[in-house]
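Here's the letter readout for the chains.
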Amino acid sequence: NKCDLIDVREVMERDAKDYADSIHAIFVETSAKNAININELFIEISRRIPSTDANLPSGGKGFKLRRQPSEPKRSCC
């Protein structure tokens, strides 16, 4: 994010890319202000969305997203 602000970079590009690779994430430096890599990022995201199988009970019309179970909320009293 904010690749147009190189002079205030806090994380080196190589470190960010290595980390993204280690967690199988997408690494793209972007700038919404200057429209740098925005379309490319959305294209890459769309490529990684799992395709649906026409043989599934849903008839291949989509897939269900499920929330990850969250930790129980703690209260002090």
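- Labelled according to an unreviewed UniProt entry, the protein appears under the name Similar to RAB22A, member RAS oncogene family, originating from Homo sapiens.

1. Regarding the pattern of salt bridges
Argument step 1. Scanning all chains against the criterion turns up five salt bridges.
Argument step 2. With a shortest N-O distance of 3.3 Å, lysine 17 and aspartate 21 are connected by a salt bridge. Separated by four residues within a single helix, lysine 17 and aspartate 21 lie in helix H1 (residues 13-22), roughly one turn from each other.
Argument step 3. Here glutamate 44 makes a salt bridge to arginine 48, at a shortest N to O gap of 2.9 Å. With glutamate 44 and arginine 48 both in helix H2 (residues 38-48) and four residues apart, the pair spans about one turn of that helix.
Argument step 4. Residue arginine 48 is classed as partly exposed on the basis of its relative accessible area of 45%.
Argument step 5. A cluster of three or more residues bridged by salt bridges with shared partners is formed by Glu44, Arg47 and Arg48.

2. Considerations on unusual backbone geometry
Trans peptide bonds make up the majority, and among non-glycine residues the majority have a negative phi.
Argument step 1. With a phi angle near 55°, histidine 24 is a residue other than glycine that sits in the positive phi range.
Argument step 2. You can see histidine 24 is positioned in the loop between H1 and H2.
Argument step 3. Positive phi values are uncommon outside glycine, yet asparagine 37 reaches one of about 65°.
Argument step 4. In this structure, asparagine 37 sits in the loop between H1 and H2.
Argument step 5. For asparagine 37, a relative accessible area of 28% gives the class partly exposed.

Procedures and definitions
All residue numbers refer to position in the chain's written sequence, counted from 1. For this predicted model, a pLDDT threshold of at least 70 governs which residues receive local features, and a threshold of 80 or more governs which side-chain atom pairs are given and counted, while totals over whole chains, interfaces and linings are taken from all residues. For the side-chain quantities, the full set of heavy atoms in the structure was used; hydrogens and water were omitted. For this document, the term salt bridge refers to a Lys or Arg side-chain nitrogen within 4 Å of an Asp or Glu carboxyl oxygen. A helix here means a DSSP run of H or I that spans at least four residues, while a strand means a run of E at least two residues long, and both kinds are numbered starting from the N terminus. Each residue is placed in one exposure class: buried if its accessible area under a 1.4 Å probe, protein chains only, is under 20% of its type's maximum, exposed if it is over 50%, and partly exposed if it falls in between.

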